[in-house]
Amino acid sequence: MKKVTIKDVAKVLGVSYATVSRALSGSPEISEETRNRVLKTCRELGYTTNYVARSMVMRKTEILGLIVSNIDNPFMSELANYIEEYARARGYNLMLCNSSHSTEQEEQVFQLLAGRQVDGIILFPTTSHSYESLKPYLTYMPTVFM
């Protein structure tokens, strides 16, 4: 099954690709009537935003990484919930990773988040040595150690 693209939406509406893009981004150059037609057609066709392509153009993903040592810990679960609410209120989504008290897994998930080009990482370190083991990666993105 083929994924619906902005070009598909534009073709159905008989408008340019740029018009659909502007309507989806909330550009003031597009009338409310056109924006509503575009949004309605997107819903009908099942269009979803390609966030990978969008992040390449915008040079940001609007995703923050959160690494906790143990998600089973009720304190960490509640804290992750509040961090997610705070981030979402500011236009960010959260990618949650669990290091399971393993410095090796902590480094793996840090590299995973860096590879996903998250805009920043919040880390609840596994040990007091976590900073030293992650130091080579810290220049790639903003990181907060809690």
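Here's a quick rundown of the structure.

Parameters and conventions
Residues numbered from 1 in each chain as written. Predicted model: local features only at pLDDT ≥ 70, side-chain atom pairs only at ≥ 80, totals over all residues. Heavy atoms only, no water. Helix = DSSP H or I, 4+ residues; strand = E, 2+ residues; numbered from the N terminus. Rg over C-alpha atoms; globule rule 2.2 N^0.38 Å. Buried < 20%, exposed > 50% of the residue type's maximum accessible area, 1.4 Å probe, protein only. Contact = heavy atoms within 4.5 Å. Areas by Shrake-Rupley, 256 points an atom, 1.4 Å probe, with all protein chains shown as cover. Lys, Arg positive; Asp, Glu negative; His and termini not counted. Charge placed at Lys NZ, Arg CZ, Asp CG, Glu CD. Phe/Tyr/Trp six-rings, centres within 6.5 Å; stacked < 30°, edge-to-face > 60°. Lys NZ or Arg CZ within 6 Å of the ring centre and 35° of its normal. Pairing = 2+ DSSP bridges. Right-handed = clockwise from strand over helix to strand, strands pointing away.

**Things to note about the overall build of the protein chain**
Across its full length, the protein chain holds 7 helices and 4 strands. Against the compact-globule benchmark of 15 Å for 146 residues, the protein chain has a radius of gyration of 20 Å, which places it well outside the compact range. Its C-alpha atoms give the protein chain principal-axis dimensions of about 60 × 35 × 30 Å. The 146 residues of the protein chain split such that 33% are buried. For the protein chain, long-range pairs separated by at least 24 residues make up 56% of all intrachain contacts whose partners lie at least 6 apart in sequence. Roughly 9600 Å² of accessible area belongs to the protein chain as shown, and the carbon and sulfur atoms make up 55% of that amount. Across the protein chain, 16 positive and 15 negative side-chain charges occur, with their mean positions spaced 13 Å apart.

**Some thoughts on the packing of aromatic side chains**
The tally for this structure, following the rule as stated, stands at 2 aromatic pairs. A centroid spacing of 6.1 Å and a plane angle of 40 degrees characterise the contact between phenylalanine 110 and tyrosine 137, whose relative ring orientation is tilted. Separated by 27 residues along the polypeptide, phenylalanine 110 in helix α6 (residues 103–115) and tyrosine 137 in the loop between α7 (130–134) and β4 (143–145) bring together distant segments of the chain. Accessibility expressed as a relative area gives 0% for phenylalanine 110, which makes it buried. Between tyrosine 131 and phenylalanine 145 the ring centres are 5.4 Å apart and the planes differ by 65 degrees, which places this aromatic pair in the edge-to-face class. Placement of tyrosine 131 in helix α7 and of phenylalanine 145 in strand β4 is noted, with a sequence separation of 14 residues between them. Judged by its relative accessible area of 28%, phenylalanine 145 falls in the partly exposed class. Stacked on the ring of tyrosine 86, the Lys or Arg arginine 90 has its end atom at 3.4 Å from the ring centre.

**Some details on the pairing of strand β1 (residues 63–68)**
Most of β1 sits out of view: 5 of its 6 residues are buried. One ladder, built from 6 bridges, connects β1 with strand β2 (residues 93–98); its direction is parallel. Within the sheet, the bridge partner assigned to leucine 64 lies in β2 and is leucine 94. After leaving β1, the chain enters helix α5 (residues 74–89) and then returns to the sheet as β2, a path that is right-handed. Two strands pair when backbone bridges link them, and β1 and strand β3 (residues 120–123) are joined in this way by 4 bridges, in the parallel orientation. Bridge pairing in β3 links leucine 64 to glycine 120.

Geometry only, nothing functional implied.
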